[in-house]
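# Overview (structure and organization)
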Amino acid sequence: MALKGTITYKGIAVADTHAVVIRANQDCNYGVNQEDNSIVKTLTAYALVRFYKDKATYEAGAQNHYDQLEIQFVPSVANGANLNIIKQAYTAMKAMDAYKDMTDV
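Summarised in this report is the structure supplied together with it. (Residues numbered from 1 in each chain as written. Predicted model: local features only at pLDDT ≥ 70, side-chain atom pairs only at ≥ 80, totals over all residues. Heavy atoms only, no water.)

### Description of the pattern of salt bridges
Enumeration according to the criterion identifies 4 salt bridges in this entry. In this structure, Lys4 engages Asp16 in a salt bridge whose closest nitrogen and oxygen atoms are separated by 3.8 Å. Of this pair, Lys4 sits in strand S1 (residues 3-9) while Asp16 is found in strand S2 (residues 12-32), placing the two residues 12 residues apart along the sequence. On the basis of relative accessible area, Lys4 is assigned to the partly exposed category, the value being 36%. You can call Asp16 partly exposed: its relative accessible area is 44%. (Salt bridge = Lys/Arg side-chain N within 4 Å of Asp/Glu carboxyl O. Helix = DSSP H or I, 4+ residues; strand = E, 2+ residues; numbered from the N terminus. Buried < 20%, exposed > 50% of the residue type's maximum accessible area, 1.4 Å probe, protein only.)

### Looking at a nonpolar patch on the surface
A cluster of nonpolar residues, Tyr30, Val32 and Ile39, forms a patch on the protein surface that exposes about 350 Å² of accessible area. Looking at the element boundaries, Ile39 is found in strand S3 (residues 39-52). For Ile39, a relative accessible area of 60% corresponds to the exposed category. (Patch = residues over 30% accessible without salt bridge, like charges linked within 9 Å, V, L, I, M, F, W, Y side chains within 5 Å. Areas by Shrake-Rupley, 256 points an atom, 1.4 Å probe, with all protein chains shown as cover.)

### A word on the packing of aromatic side chains
Applying the stated criterion across every chain, the model contains 4 aromatic pairs. Consider the rings of Tyr52 and Tyr58, whose centres lie 5.0 Å apart with planes at 70°: the pair is edge-to-face. A connected cluster of aromatic rings, assembled from ring pairs, spans Tyr9, Phe51, Tyr66 and Tyr99. (Phe/Tyr/Trp six-rings, centres within 6.5 Å; stacked < 30°, edge-to-face > 60°.)

What follows is the structure, encoded as C-alpha cells:
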C-alpha cells in the first residue's frame, strides 16, 4: 500500500512520487474537563511517511527516500470503521491539501 502522485519538494515538482507509511501508532490520553471535572479521553495517531522518487526507488531500498514527514491525526474507533491504523494514516494524508490528489497504489 502506498500513495502515488506529484509532490513539490524544495520548489521542484517530483512526478510519480511514491509515498509510504513506514510506521504508525496511536496514543490514548486522559485529561480533566475544566468545566465539569469529568474525565476526557483523547485519541491521537502519528504516522511516519517517507517519499521516494518512484516505486522502483522504493523497491531498491528503504534508505533511498528523499524526504519524510510525520503526520498527526485522530484515529477512528467507531463501529464499522476500518481499524487498520496504516490505512487510516493514508486516508488522513489524502485529506491534507498537499496530498489530496495522490492515488492509492
